[in-house]
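Coordinates in review
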Amino acid sequence: MTSGLEKIKNKLGANMRKYRKILNLTQFELGVQADISEHYVQLMEKGKSTPSMAVLGKLADALKVEPYELLK
């Protein structure tokens, strides 16, 4: 059974990928714009890492969405 946290991490990863593709960004380009590593972007998109609130805000800014959009 998938835990609540795992569901959130998977939803975050799927939404990051969706909005990144809409903006036609690579994982590297998103990392540069959000001031995080490409590897960290990869881990989050795979649902393997949980970002801090600060990183979530940076991602949302880089993806031009509100932070809650990444979690819904």
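Here we summarise the structure given alongside this text. (Residues numbered from 1 in each chain as written. Predicted model: local features only at pLDDT ≥ 70, side-chain atom pairs only at ≥ 80, totals over all residues. Heavy atoms only, no water.)

**Some thoughts on the side chain of S49**
Our working definition: Per the convention used, a helix needs a DSSP run of H or I reaching at least four residues, while a strand needs a run of E reaching at least two, with both numbered from the N terminus. Exposure is judged per residue with a 1.4 Å probe applied to protein chains only, and the accessible area is read against the type maximum: over 50% gives exposed, under 20% gives buried, and values in between give partly exposed. Residue contacts follow a heavy-atom distance rule, with two residues in contact if any of their heavy atoms lie within 4.5 Å.
Note that S49 resides in the loop between α3 (38-45) and α4 (53-63). Relative accessible area serves as the criterion here: at 14%, S49 is assigned to the buried category. Once you skip the residues sitting within four places of it in the chain, S49 turns out to touch K9, Y40, L43 and M44.

**A short note on the pattern of salt bridges**
A side chain of one charge can pair with a side chain of the opposite charge if their charged atoms are brought near each other. Here is the rule: Any Lys or Arg side-chain nitrogen located within 4 Å of an Asp or Glu carboxyl oxygen qualifies as a salt bridge.
Enumeration over the complete set of coordinates arrives at 4 salt bridges. Across the pair E45 and R17 runs a salt bridge, and its minimum N-O distance is 3.6 Å. Of the two residues, E45 is situated in helix α3 and R17 in helix α1 (residues 4-22); the sequence distance between them amounts to 28 residues. For E45, a relative accessible area of 5% gives the class buried. The salt bridge involving R20 is made with E45; its shortest N-O contact spans 2.6 Å.

**Overview of the nonpolar core**
Put simply, the rule reads: Side-chain atoms within 4.5 Å are what join buried Ala, Val, Leu, Ile, Met, Phe, Trp, Tyr and Cys residues into a set we call a nonpolar core.
With 17 residues, the main nonpolar core has M16, L30, I36, L59 and L70 as its most contacted residues. Elements that contribute at least two residues to this core include exactly α1, α2 (27-34), α3 and α4. Counting residues per element, this core draws most heavily on α4, at 6 residues. Beyond its immediate chain neighbours, meaning those up to four positions away, L30 contacts M16, R20, L25, V41, L59, A62 and L63.

**Some details on the side chain of R20**
As for its placement among the helices and strands, R20 is situated in helix α1. Exposure remark for R20: the relative accessible area of 7% places this residue in the buried category.

**Overview of α1**
Cut-off, in case you're wondering: How far a helix is expected to stretch is found by multiplying one less than its residue total by 1.5 Å.
In this model α1 runs 27 Å from its N-terminal to its C-terminal C-alpha over 19 residues, within 8% of the 27 Å that 1.5 Å per residue would give. Taken together, the buried positions of α1 are occupied by K9, L12, G13, N15, M16, Y19 and R20. Elements that come into contact with the buried residues of α1 comprise α2, α3 and α4.

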